[in-house]
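Structure at a glance
Listed below, chain by chain, are the residues.
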Amino acid sequence: MTEKVEASLPDKEKNMSEWYTEILERGEVVDIRYGVKGFIVYRPFGMEIMKNIIKLYEEELEKTGHRPFLFPVVIPERNLRKEKEHIKGFEGEVFWIEKGGHTPLEERLALRPTSETAIYPLYSLWLKSYRDLPFKAYQTVTVYRYETKATRPLLRGREFLWIETHNVYTTGEEARAQTREDAEIFWEVTYKKLGIPFLHIRREEYDKFPGAVETYAFDTLMPDGRVLQIGTTHYLGTNFTKVFDVIIHDEKGDQRHPHSTCFGIGLSRILASILLVHGDEYGMVLPFEIAPLQVVIIPIYKTGFDNEAIDKYCIEIRNKLMEEGVKVVFDNTEKSPGEKYYYYDMRGVPFRIEIGPREYQNNTVTVFRRDVRKRETIDKKELLNYIREKSRDILETLRKRAEERLANAIIEVRTKEELMKYVKEDRRRIFKVYFCGREDCAKEIKNELGGYETRGIPTDEEDKRGKCIWCGSEDAHIAYLAKAY
RNA sequence: GGGUCCGUGGUCUAGCUUGGUAGGAUGCUGGCCUUGGGAGCCAGUGGUCCCCGGUUCAAAUCCGGGCGGACCCA
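Let's talk about the packing of aromatic side chains
Here the structure, examined in full by the defined rule, presents 27 aromatic pairs. On the basis of an interplanar angle of 40° and a centroid distance of 5.6 Å, the ring pair of Tyr-120 and Phe-240 is categorised as tilted. Placement of the pair is Tyr-120 in helix H5 (residues 116-126) and Phe-240 in helix H7 (residues 239-243), with a sequence separation of 120 residues. Relative accessible area serves as the criterion here: at 0%, Phe-240 is assigned to the buried category. An aromatic cluster of at least three residues, connected via ring pairs, comprises Phe-69, Phe-71, Tyr-120, Tyr-123, Trp-126, Phe-135, Phe-240 and Phe-244. The residue whose ring lies beneath Arg-226 is Tyr-485, and the NZ or CZ to ring-centre distance is 5.3 Å. Note that Arg-352 overlies the ring of Phe-368, its terminal NZ or CZ placed 4.0 Å from the centroid.

As C-alpha cells, then:
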C-alpha cells in the first residue's frame, strides 16, 4: 500500500522553482549563500552524490581509452585569442585576472571558460606522429563564464563543474566517429545508470560551439516543460590544430594537421536533472548506485520491551549489509521514527528498514522503497537479495517515468496554424517540425512564439526533408522547438 | 535584456508606514517523558538587523550608493 502522508515540498510540476530551491537547502545539496553571484558551495551530501556521478562518467571514459590529465585554470590572453570564432563566442563572458598582488600583469590571464586554448599549445609539443594518435584525454574541472542571464544554482552558474574530453585523430572520419562514441558514453551513464532520458540533437549552424565544425547536444526535460542541455560533443575539424600548430607526420611522411573533438559533460546540470527529474514532494529520489546513503535502519522501540535486543538485531543486519558493500546507517538517535522518515525521504535514501518488536519476534524486516513509497515485510534472510533486485527495479521505475514524460512532451506539428494553437495552450511542449535552418527564420520564431527556440536536428532523423513550418521554403529538415534553460 | 519583490540569532519570520526596549517560531545544548510518518514539558544557548555613506540627540526603521537573493516576462 502506498503511504499517504503529509508532503514536505510544494508540487514539482506546478511550482518548480520553489520546489527546487527548497530541496537544495533542506536536502543539504548546495548552499547558495556564498555571497558571490553565480557561485555556490557544494555541501557534503551534494558533493557525495556528485562524486558518485563523476565516478560513473570517468569509468566509462577510461573504459573507452580516455586518460585523465589536469591543466591550469588560467589561460594566457594570447592563446585564448588565437582561434577567431572561439574568442568571438566567449569574449563577453571571460573572467580576467589582471593583477598579481599590486603589480599589473604583463599579460592578462583568463579563467578558463573551456580549455581548448589551454590544451592545444601542449598538444603541439606532445603530438608529432600518426603513431601518437589517437590521443584521448579528459579532465574533471570547474570552468568560469561571466553569465549575464539570471543565474540559478546548478542550472546556470558563473562557475560550474564539468568533464571535458579533448581528442585528436589523424583523419576527420575518425574524429567524427568519436562524436558518436561520445553519444554512446553519455547514453551508457546518463540514461542507463542515472535514468535520465535525453534528446540527441545536432545543433543548427548558428548554434554551434564557437570554433566547431559540428556540434551535437544532449537535451533533457525539466518538470516545468523547459529543456536543459546537459552535454555537448563537437567535431572541431582542424580549426584548433591549425591555429595552435599541432602538426603530425602521417604514414607517408607528409606533414598535416590532425582533426580533433571535444566533449563536455555538464556535471552540475546533471546533478540538477537528477533532483528535478526523479524527485517528488517528499524530496530527492536517488538511483541506488549514486545514493550517498543506500539503506537506513530505523529502530522502533517500545516501553517494556527488550529494546537492547532490537538494537542488536539492527546492528547485526547493518553489519551484514556493510560487509556486502552497501552504504548503510543504523539511526538510533533519540528522534521519533516519523521525524527520521521525513529526514531520509528528503535525502533520497532508496531503502529504509524499520525494525520493531514485530520484526524482532518474527525474524523479519520491514523494507520501505523510496521511489514507489511502499512497505513490504520480508524474511530477514531474503534481505540482501531483495535489495539487490529491487535496486535495479528502482532505476527501471525512475527511468520509465522520466522517459514517458519526455515522450509525452514531444508533439509533431505540420502547419504554422497548428503550431500557434499549441503555443497558446497552458502546457509547454517540445515541437517536432520542419525547419529551414536559417538564422533569421529562427529569430522570428523565437520572437513570435514567446521564447520557443530552435534546438536543432534529431540525429536519428537527419535525412528527412519537408517544407519549413515558418517560411515554407523547401528542403527543410526536422528540428525541435522548445523553451530552454 | 525588461519588470516586481526581498535581505533581522543556524533556519523561517514580526517590527519599518509613524526613528527611541530587537519580539516570536524553529533549531541547537541539558533534563524528564516518549517512540510503527514531523510528540510533549522544563531550563539554557544563540543577533556586526547584508555592506558603505548621509540625515538625526538617536537609524533595523528615513535617504543615496553598492552587494546578494527570489519570482515574472522576453
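With respect to the side chain of Ser-391
Relative to the assigned elements, Ser-391 resides in helix H12 (residues 383-409). A distance of 2.9 Å separates a polar atom in the side chain of Ser-391 from the backbone oxygen of Arg-388. Those residues within four positions of Ser-391 in sequence are excluded, and the remaining contacts are Phe-288 and Phe-351.

Observations regarding the protein's contact with RNA strand B
Looking at RNA strand B, there are 34 residues lining it, with Ser-17, Arg-33, Thr-303, Ser-336 and Glu-359 nearest. Expressed as a percentage, the sugar and phosphate content of the atoms of RNA strand B within 4 Å of the protein is 54%. Between a phosphate oxygen of RNA strand B and a side-chain N or O atom of Ser-336, the distance comes to 2.4 Å. Here a base oxygen of RNA strand B and a side-chain polar atom of Arg-352 are 2.8 Å apart. Sorting the residues of the surface near RNA strand B by element identifies helix H1 (16-26), helix H10 (337-346), strand S17 (351-355), helix H11 (357-362) and strand S18 (364-369) as the ones contributing at least two each. If you tally residues by element for the surface near RNA strand B, the top one is H10, at six residues. Split by residue class, the surface near RNA strand B holds ten nonpolar, ten polar and 14 charged.

Some thoughts on the state of the cysteines
Scanning the model with the defined rule gives zero disulfides in all. Cys-436 provides the cysteine sulfur closest to Cys-441, a residue in no disulfide bond, and the two sulfurs are 3.7 Å apart. There is no disulfide at Cys-468, and the cysteine sulfur nearest it, in Cys-471, is 3.6 Å away.

Some remarks on the nonpolar core
Of all hydrophobic cores here, the largest spans 51 residues; its most connected members are Ile-53, Tyr-57, Phe-186, Leu-194, Ile-265, Leu-267 and Ile-270. Put simply, the parts of the chain that give this core at least two residues each are H1, helix H2 (44-63), strand S8 (159-169), helix H6 (172-191), strand S11 (227-237), strand S14 (259-265) and helix H8 (267-278). Grouped together as the second largest cluster of nonpolar side chains are 25 residues, Phe-90, Tyr-120, Leu-236 and Cys-262 included.

Some details on the domain arrangement of chain A
Reports often express the size of an interface as the amount of accessible area lost when the parts come together. Domain parsing of chain A yields domain 1 (16-278), domain 2 (293-391) and domain 3 (410-482). Once you take the C-alpha centre of each, domain 1 and domain 2 turn out to be 41 Å apart.

Cut-off values and rules
By convention here, each chain's residues receive numbers from 1 onward along its written sequence. A letter from A marks each chain and a number from 1 marks each ligand, given out in the order of writing. Totals for whole chains, interfaces and linings use every residue, but because this is a predicted model, local features are given only for residues with pLDDT of at least 70 and side-chain atom pairs only at 80 or more, for both listing and counting. The basis for every side-chain value is the complete set of heavy atoms in the structure, and neither hydrogens nor water enter the calculation. Stacked, tilted and edge-to-face are the three classes assigned to paired rings of Phe, Tyr and Trp, where Trp is represented by its six-membered ring and a pair needs centres within 6.5 Å; plane angles under 30 degrees give stacked, over 60 edge-to-face, the rest tilted. The helix and strand labels rest on DSSP assignments: H or I over at least four residues marks a helix, E over at least two residues marks a strand, and numbering proceeds from the N terminus. Exposure classes here rest on a 1.4 Å probe applied to the protein chains alone. A residue is buried below 20% of its type maximum, exposed above 50%, and partly exposed in between. Any Lys NZ or Arg CZ that is within 6 Å of a ring centre and within 35 degrees of that ring's normal is treated as a charge sitting over the ring. Residues adjacent in sequence count toward polar contacts only when both atoms are side-chain atoms; beyond that, a polar contact is any pair of N or O atoms within 3.5 Å, and within protein one must be able to donate a hydrogen and the other to accept it. Residues are treated as being in contact if the distance between any of their heavy atoms lies within 4.5 Å. Think of it this way: one heavy atom of a residue within 4 Å of a molecule or strand is enough to make that residue near it. Residues are sorted three ways: Asp, Glu, Lys and Arg are charged, Ala, Val, Leu, Ile, Met, Phe, Trp, Tyr, Cys and Pro are nonpolar, and all the rest, Gly among them, are polar. By definition, disulfides here are pairs of cysteine sulfur atoms that lie within 2.5 Å. Definition used in this section: a nonpolar core is a set of buried Ala, Val, Leu, Ile, Met, Phe, Trp, Tyr and Cys residues joined via side-chain atoms within 4.5 Å. Where each domain starts and ends comes from a domain assignment, either automatic or drawn from a database.

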